[in-house]
Amino acid sequence: MNTKQKALVLDIVSATCDHKTAEEIYLAAKERMPQIAMGTVYRNLAQLVSEGQIRKIGVPSGPDRYDCCTEPHEHLFCDACGKIVDLWCGDLTDAIEARTGSIIRSYTLDLHGLCPECGKAAAAK
């Protein structure tokens, strides 16, 4: 069932690629639909993730974030500003299987370092 609230949550997540938190999504939704509750946002985020329409990104040192891109890709977590950057390394399944003899069904690769902006700032110092 596609409700107005669910469509709104999906629209907010899909509008930018900045990997918003549930709270950020809730605040944006509240501007457009003042009666929406935080629980409604959480329920719809969970449903959208389970349907494969969005992706949930577990952040080790903070709240989970949500990604509108469901195609396989990796993430760089910036150690300086906290930004999450999408990376497109290609499918690593074949290389990992060849190297380890394992059968890979899925994987998540998270890299930690500096985003392009913070990297430039660090190099300029």
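All values derive from a computational prediction rather than experimental measurement. (Residues numbered from 1 in each chain as written. Predicted model: local features only at pLDDT ≥ 70, side-chain atom pairs only at ≥ 80, totals over all residues. Heavy atoms only, no water.)

Participant: How would you sum up the nonpolar core? Please name residues and give values.
Facilitator: Of all hydrophobic cores here, the largest spans 15 residues; its most connected members are I25, I36, V41, L45 and Y66. Listing elements by their share of this core, those giving two or more residues are α1 (4-15), α2 (22-32) and α3 (38-50). Residues in contact with I36, not counting those within four places in the same chain, are Q5, L8, Y26, A29, K30 and V41. By size, the runner-up hydrophobic cluster in this structure holds 5 residues, among which are C78, V85, C115 and C118. (Core = buried A, V, L, I, M, F, W, Y, C linked by side-chain atoms within 4.5 Å. Buried < 20%, exposed > 50% of the residue type's maximum accessible area, 1.4 Å probe, protein only. Helix = DSSP H or I, 4+ residues; strand = E, 2+ residues; numbered from the N terminus. Contact = heavy atoms within 4.5 Å.)

Participant: Please set out α3 residue by residue, giving values where relevant.
Facilitator: The terminal C-alpha atoms of α3 lie 18 Å apart, and with 13 residues this matches the ideal 18 Å at 1.5 Å per residue to within 8%. Among the residues of α3, those classed as buried are T40, V41, N44, L45 and L48. For α3, the angular spread of the buried residues around the axis is 130 degrees, confining them to a single face. Along α3, exposed side chains directed more than 90 degrees from the buried face belong to R43 and S50. (Expected span 1.5 Å × (residues − 1). Arc of directions from axis to C-beta.)

Participant: Just give me the short version of unusual backbone geometry, but keep the residues and values in it.
Facilitator: Positive phi is not limited to glycine here, since H19 has a value of about 55 degrees. Relative to the helices and strands, H19 is located in the loop between α1 and α2. For H19, a relative accessible area of 2% translates into the label buried.

Participant: Requested: an account of the sheet that holds strand β3 (residues 74-78), with residues and values cited.
Facilitator: As summarised here, the arrangement of the 3 strands in space is β4-β3-β5, forming an open sheet in which the pairing is mixed. Since the sheet does not close on itself, it has two edges, and those belong to β4 (84-87) and β5 (110-113), each with one partner. Mean inter-strand twist for the sheet, computed between neighbouring axes without regard to direction, equals 30 degrees. (Pairing = 2+ DSSP bridges. Axes fitted to C-alpha atoms, helices over the stretch in contact; angles between N-to-C directions.)

Participant: Explain the state of the cysteines to me, and be specific about the residues and the numbers.
Facilitator: In total, this model carries 0 disulfides according to the counting rule given. Its sulfur unpaired, C69 is 6.5 Å from the next cysteine sulfur, which belongs to C68. Judged by its relative accessible area of 15%, C69 is buried. C81 forms no disulfide, and the closest cysteine sulfur to it belongs to C78, at a distance of 3.7 Å. (Disulfide = S-S within 2.5 Å.)

Participant: Give me the side chain of H75: which residues, what numbers.
Facilitator: Within the element layout of this structure, H75 appears in strand β3. A relative accessible area of 2% means that H75 is categorised as buried. There is a polar contact of 3.2 Å between the side chain of H75 and the side chain of D86. Ignoring sequence-local partners within four residues, the contact set of H75 consists of H19, R55, I57, D67, I84, V85, D86, L87, L109, D110 and L111. (Polar contact = N/O pair within 3.5 Å; in protein donor to acceptor, adjacent residues only side chain to side chain.)

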